[in-house]
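So you can see what is in the structure, the chains are spelled out below.
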Amino acid sequence: MNYFDKLNDEVKAYFKILSPVFPEWLIDYINTKEMQRLENISLSCGMDYTNCFNIRYWYSNLDHSIGVALIVWNFTHDKKQTLAALFHDIASPTFKHCIDFMNGDSETQESTEEKTEEIIRNSKEIMEILNRDNIKVEEVSDYHIYPIADNNTPRLSADRFEYTFSSGLIFHRIWEVDKIKHIYDNIVILKNEDGIEELGFKDYRVCEEYIDIIHKIWPEWVSDKDRTCMQFLADIVTSMYIKGYITIDDLYVLSENEVIDKILNCDDSYIQNAFKQFQNANNVFSSDNYIEDKYCISVKSKTRYIVPLTIYEDKIVRINEVSEQSKQQIDNYLNMKFSKYTGFNFEFKPYQKKKLL
């Protein structure tokens, strides 16, 4: 079945907003094996697999990658920038950013990006299409070089815009498709304080409305529940690796369901039972003290938020410079306090590599 035929009507309508005219030339790249692999990896970073979250429907990392590419294409009509956006998550492993947690990179969540160029170069399909289109690998393997596609937090980029839209639509339902269209139709390319192009708002009142809506989900991305679930999946995968049930390469080849099957069918009942309890869990605990007989962790997460550019009285400014409401909402988020420890009400101590004497 064609990828687009499998999309539900809401996602189709959403993609139509991001780019009213779909760039047909992109389809050959989308259909490559390396990109299709992302269809079996959730944007939610594994949160689909526990009762802690109520996710409306499956939204894959491929969906997200296409969404980012459509935003870039809509505003630039530049093939190289659009491809860099499409490929930006091509190196995402199973459970996505949970593997950054596994790598000790919970606060920047960029450790898995290192394989991007390698995966592109090793793909016969992608390389043939790039050569056909006279595009060099280094022009599309690092989306950080294109500020419309990506930039530093808290600036607005296509990547940040897309996961905000889709998370708000599918994971948290803070808006409907028509509200996304209302917000998106107000976006233009502006020059920021460094003279660099950046997506921003024509009308500061629409920008203020955007912040008023999305500030509600920022805490969800760093919540005790989110951090606990991501670290737990990281610890399960680590334990599976240490016991020899899975390889690092498997994380870049297998679907999430295939990895879950390995977890649930491995010979280690301790790992099996812990994962089953994770699946059935519907909440986490918070504590100021470490709890010995529970799965208890202390980990920070990436601070995700946006302070967009907007036009105000014919000047380009940040929204927190002209809206007291937006400034307060942003400041309140940045000043949030977190529990020192979080966890599940079941025991699980991840396996650790034995140190050589």
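Residues numbered from 1 in each chain as written. Predicted model: local features only at pLDDT ≥ 70, side-chain atom pairs only at ≥ 80, totals over all residues. Heavy atoms only, no water.

Undergrad: Break down the overall build of the protein for me, citing the residues and quoting the values.
TA: Tallying secondary structure elements over the protein gives 17 helices and seven strands in all. Relative to a compact globule of 357 residues, whose C-alpha radius of gyration would be 21 Å, the protein shows 21 Å and is just as compact. Side chains of the protein give 41 positive and 59 negative charges; the mean places of these two sets differ by 2 Å. (Helix = DSSP H or I, 4+ residues; strand = E, 2+ residues; numbered from the N terminus. Rg over C-alpha atoms; globule rule 2.2 N^0.38 Å. Lys, Arg positive; Asp, Glu negative; His and termini not counted. Charge placed at Lys NZ, Arg CZ, Asp CG, Glu CD.)

Undergrad: Please set out helix 5 (residues 79–87) residue by residue, giving values where relevant.
TA: Most of helix 5 is tucked away, with seven of its nine residues classed as buried. Along helix 5, the residues that are buried comprise Gln-81, Thr-82, Leu-83, Ala-84, Ala-85, Leu-86 and Phe-87. Between a side-chain oxygen at the N-terminus of helix 5 and the backbone nitrogen of Lys-80 the separation is 3.0 Å; the capping residue is Asp-78. (Buried < 20%, exposed > 50% of the residue type's maximum accessible area, 1.4 Å probe, protein only. Polar contact = N/O pair within 3.5 Å; in protein donor to acceptor, adjacent residues only side chain to side chain.)

Undergrad: Account for the packing of aromatic side chains, with residues named and values stated.
TA: Enumeration according to the criterion identifies 34 aromatic pairs in this entry. Centroid distance Phe-232 to Phe-278: 4.9 Å. Interplanar angle 20°. Geometry classified as stacked. In this pair, Phe-232 is assigned in helix 13 (residues 224–242) and Phe-278 in helix 15 (residues 269–280), connecting sequence segments 46 residues apart. One exposure class covers both Phe-232 and Phe-278, and it is buried. With a centroid separation of 6.0 Å and an interplanar angle of 50°, the aromatic rings of Tyr-305 and Tyr-333 are classed as tilted. With Tyr-305 in the loop between strand 4 (295–297) and strand 5 (309–312) and Tyr-333 in helix 17 (residues 324–334), the pair connects residues that are 28 residues apart, well separated along the chain. Pair check on accessibility: Tyr-305 and Tyr-333 agree, each one buried. An aromatic cluster is defined as three or more aromatic residues linked by ring pairs; in this entry it consists of Tyr-14, Phe-15, Phe-75, Phe-161, Phe-165, Trp-175, Tyr-184, Phe-201 and Tyr-210. (Phe/Tyr/Trp six-rings, centres within 6.5 Å; stacked < 30°, edge-to-face > 60°.)

Undergrad: Can you lay out unusual backbone geometry for me, pointing to particular residues and giving the numbers?
TA: Across residues other than glycine, the phi torsion is negative in most instances, and most of the peptide bonds are trans. In this chain, Thr-153 is followed by Pro-154 through a cis amide linkage whose omega measures 15°. One can find Pro-154 in the loop between helix 8 (124–132) and helix 9 (158–171). Positive phi is not limited to glycine here, since His-77 has a value of about 50°. Structurally, His-77 is set in the loop between helix 4 (61–76) and helix 5. Among the residues examined, His-77 registers a relative accessible area of 52% and is labelled exposed.

Undergrad: Tell me about the packing of helix 1 (residues 9–18) against helix 10 (residues 177–184), and please be specific about residues and values.
TA: Following both chains from N to C, one finds helix 1 and helix 10 inclined at 10°, their axes separated by 10 Å at the closest point. In terms of axis orientation, helix 1 runs roughly parallel to helix 10. Between helix 1 and helix 10, the residues in contact are Glu-10, Ala-13, Tyr-14, Ile-17 and Leu-18 and Val-177, Ile-180, Lys-181 and Tyr-184, respectively. Class assignment of the residues belonging to the contact of helix 1 with helix 10 gives a composition of seven nonpolar, no polar and two charged. (Axes fitted to C-alpha atoms, helices over the stretch in contact; angles between N-to-C directions. Parallel < 35°, antiparallel > 145°, perpendicular 65-115°, else oblique. Contact = heavy atoms within 4.5 Å. Nonpolar A, V, L, I, M, F, W, Y, C, P; charged D, E, K, R; others polar.)

Undergrad: Any details on the sheet that holds strand 4? Residues and values, ideally.
TA: Pairing is antiparallel across the open sheet formed by three strands, whose spatial order is 3-7-4. Each having just a single partner strand, strand 3 (285–287) and strand 4 make up the two edges of the open sheet. Neighbour-to-neighbour, the strand axes of the sheet open up by a mean angle of 25°, direction not taken into account. Sheet topology places strand 4 next to strand 7 (residues 341–344); three bridges connect them, and they run antiparallel. Of the residues in strand 7, the one forming a bridge with Ile-297 is Thr-342. Contacts from helix 13 reach strand 3, strand 4 and strand 7, with the element oriented near 110° to strand 4. (Pairing = 2+ DSSP bridges.)

Undergrad: Talk me through the side chain of Asn-192; I want residue IDs and the actual numbers.
TA: Summarising the element assignment, Asn-192 is placed in the loop between strand 1 (187–191) and strand 2 (197–201). Reaching out from Asn-192, the side chain makes a polar contact with the backbone nitrogen of Asp-194 at a distance of 2.8 Å. A polar atom in the side chain of Asn-192 sits 3.1 Å from the side chain of Glu-198. In this structure Asn-192 touches Arg-155, Glu-198, Leu-309 and Arg-318, once residues within four positions along its chain are discounted.

Undergrad: Give me the sheet that holds strand 2: which residues, what numbers.
TA: Pairing is mixed across the open sheet formed by four strands, whose spatial order is 1-2-5-6. Of all the strands in the sheet, the pair left with one neighbour each is strand 1 and strand 6 (315–318). Going from strand to strand, the sheet's axes swing by 50° on average, the running direction of each strand aside. Relative to strand 6, strand 5 runs antiparallel, the two being bridged by four bridges. Bridging from a neighbouring strand, Tyr-312 pairs with Lys-315 of strand 6.

Undergrad: With reference to specific residues and values, describe the state of the cysteines.
TA: Linking two cysteines covalently through their sulfur atoms gives a disulfide. Summed over all chains, the structure comprises zero disulfides. For Cys-296, which is in no disulfide, the shortest distance to another cysteine sulfur is to Cys-229 and amounts to 14 Å. (Disulfide = S-S within 2.5 Å.)

Such coordinate-based values are descriptive only and should not be taken to indicate function.
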